[in-house]
Structure formats: C-alpha cells, structure tokens
Amino acid sequence: MRLTRGRIGVVVLLGAMTLTLTALAFPAVLGLDKPDGDQNRVVASTKYGPLTEADRDFVVKVRAAGLWEYPLGEMAMRRGTTEAMRTAGEHLVVGHAGLDAMCREIAPELGITLPNKASPQQQGFVATVDAKSGGEFDSTAVNIMRVTHGQIFPAIAKIRASTKNTLVRQLADLANDTVLDHITVLEKTGLVEYDQVTFQQTGPAKLPKDRVTPPPPQPGEQVLVLKPRPDLKVNTASPTPTPSPAAP
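Procedures and definitions
- Residues numbered from 1 in each chain as written.
- Predicted model: local features only at pLDDT ≥ 70, side-chain atom pairs only at ≥ 80, totals over all residues.
- Heavy atoms only, no water.
- Helix = DSSP H or I, 4+ residues; strand = E, 2+ residues; numbered from the N terminus.
- Buried < 20%, exposed > 50% of the residue type's maximum accessible area, 1.4 Å probe, protein only.
- Contact = heavy atoms within 4.5 Å.
- Core = buried A, V, L, I, M, F, W, Y, C linked by side-chain atoms within 4.5 Å.
- Pairing = 2+ DSSP bridges.

Visitor: Could you give an account of the environment of Gly-111, naming the residues involved and the relevant values?
Guide: Along the polypeptide, Gly-111 turns up in the loop between α3 (83-110) and α4 (120-130). Between the alpha carbons of Gly-111 and Leu-51 there is a distance of 9.6 Å; along the sequence they are 60 residues apart.

Visitor: So what about the environment of Thr-52? Which residues, and what values?
Guide: Along the chain, Thr-52 falls in strand β2 (residues 49-52). The buried category is assigned to Thr-52, whose relative accessible area is 15%. Along the primary structure Thr-52 and Val-42 are separated by 10 residues, whereas in three dimensions their C-alpha atoms are 4.1 Å apart. What Thr-52 contacts, discounting residues up to four positions off in sequence, is Gln-39, Asn-40, Arg-41, Val-42 and Val-43.

Visitor: Please give an account of the nonpolar core that cites residues and values.
Guide: Core analysis: the biggest nonpolar cluster contains 30 residues, and Trp-68, Leu-72, Met-85, Val-129, Ala-141, Met-145 and Leu-232 have the highest contact counts within it. Contributing elements (two or more residues each) for this core: α2 (53-79), α3, α4, α5 (134-162) and α6 (166-187). A total of 7 residues in this core trace back to one element, the largest contributor, which is α2. Core analysis: the second largest hydrophobic core is formed by 26 residues, Phe-58, Leu-99, Ile-152 and Leu-167 among them.

Visitor: Let's hear about the pairing of strand β1 (residues 42-46): which residues, and what values?
Guide: In this structure, β1 lies alongside β2, joined through 4 bridges in antiparallel fashion. Residue pairing in the sheet places Thr-46 in a bridge with Gly-49 of β2. Counting the residues between successive antiparallel strands, the hairpin from β1 to β2 contains 2 residues.

If you want it as structure tokens, here you go:
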C-alpha cells in the first residue's frame, strides 16, 4: 500500500500520541510488568525472615512512589480547583508521609539503601502535571495517579501473599490500605476516565530500565524525609502493628 506524504504525517502523529499515552501508562515503579532477574532469590537473611529480591525492590518502590506523589499531592492541595481535588491532595501527602516513615524505619533493619530521588519517568509525571492549570491540571493529575495506583495495587497483594519477611509484610499491609484510600479519593473527584485508565493499566509499554529506576543516593547524602503533616486531619489507613522478629 502506498502512503502519501499527508497520510504518512497522520500515521506518525498517531504513533506519537500512542507512545505518549503508553509512556504515561507504564508503571511508576520498576518491575511491575516483567521483573528482571530471579525475584525469589534470597539476598539477605534477617531476624525478620529472609529478604528476597522482590521484597527489596518493593521497599524501594514504595519509597520512590512517595518521592513523586507527595509533591504532587502538595501541588493538588494548592492548585486543585475543587474541594474533592484538594482533599485528594491531602490524602496523598499524609498517606505517603506514613509510608515513607515506615520505609525509613525498616530499611536499615533489612540492609536496604533507599533512593532520594524519583525515577526520571516519575519526575516526568510531576512535570507533566505541573505544566497544566485549572481543570486540565485536575484531570491530568487524577488520571496519571489513578493509572499508577491501579498498577501497583495487585503488586502489593502479590508481595503480601508471598513474602516471608515480617517487616515487608507489614509495609505491604500499610501500602494496601493507603493505595486503596488514594484510589477512592481520586475516584471521588469524578475525573477518572475509566476506559482510558483501564486500557493504560493493562497494556503498559516496556520502557528502558534507566527511565524507571530511581537513581541511588550519592555517598554521604542525607536521607530525604517526607514531612509528616499532623495539621491535616486525614485518616488514610488502618493502624499498623509494631514490627516484630520472625518466629524461629
């Protein structure tokens, strides 16, 4: 079939649009579609139980998620055009502050190094939303976050069902409650485009590893703390029990 120059332009444009959509749809954390390596390989023996590659990656992913969703939540609190949007921002900030506190608490116990910066792709999500204003800001933020939360939700369940490490299990409990809360408040904005979100959640494109991997901290770099917000009276998740060593 011969394509005229005009038709070629249309095909290129449609291809670019598809690439943009699938790039935004790809999981905000590394390894949700087809993880590299043997995720069941035990990388450390701890008093809380064996730590697998999947366990270690999960802790890093939860930390990395907060590094872009927390600032995006702050943005939503300031720039959201509706009360529901601003409320969603509050839940994002409070929820990720809680998850971040647990990640920072358990990482030294498990010998895990946490990133201080989100992945290039996650930083791109924030930049994409930041470039919008008004109702377009609200809609873009809600749908990007609804896609990424929808993708991480089953990954949390998988870790919760398979991990033998009590600290990772308790982080998964908190993450499950928090992500479900975030999905709920995002949907309450009335801005979720379900057909598009469902398509993007189930058909992600594989991006290069360096795009979806948070960079490691520099030697001596201070651990970034996502500021708790006790001034925001938001109940985002069920209480989490105090971590305890694994049974011998």
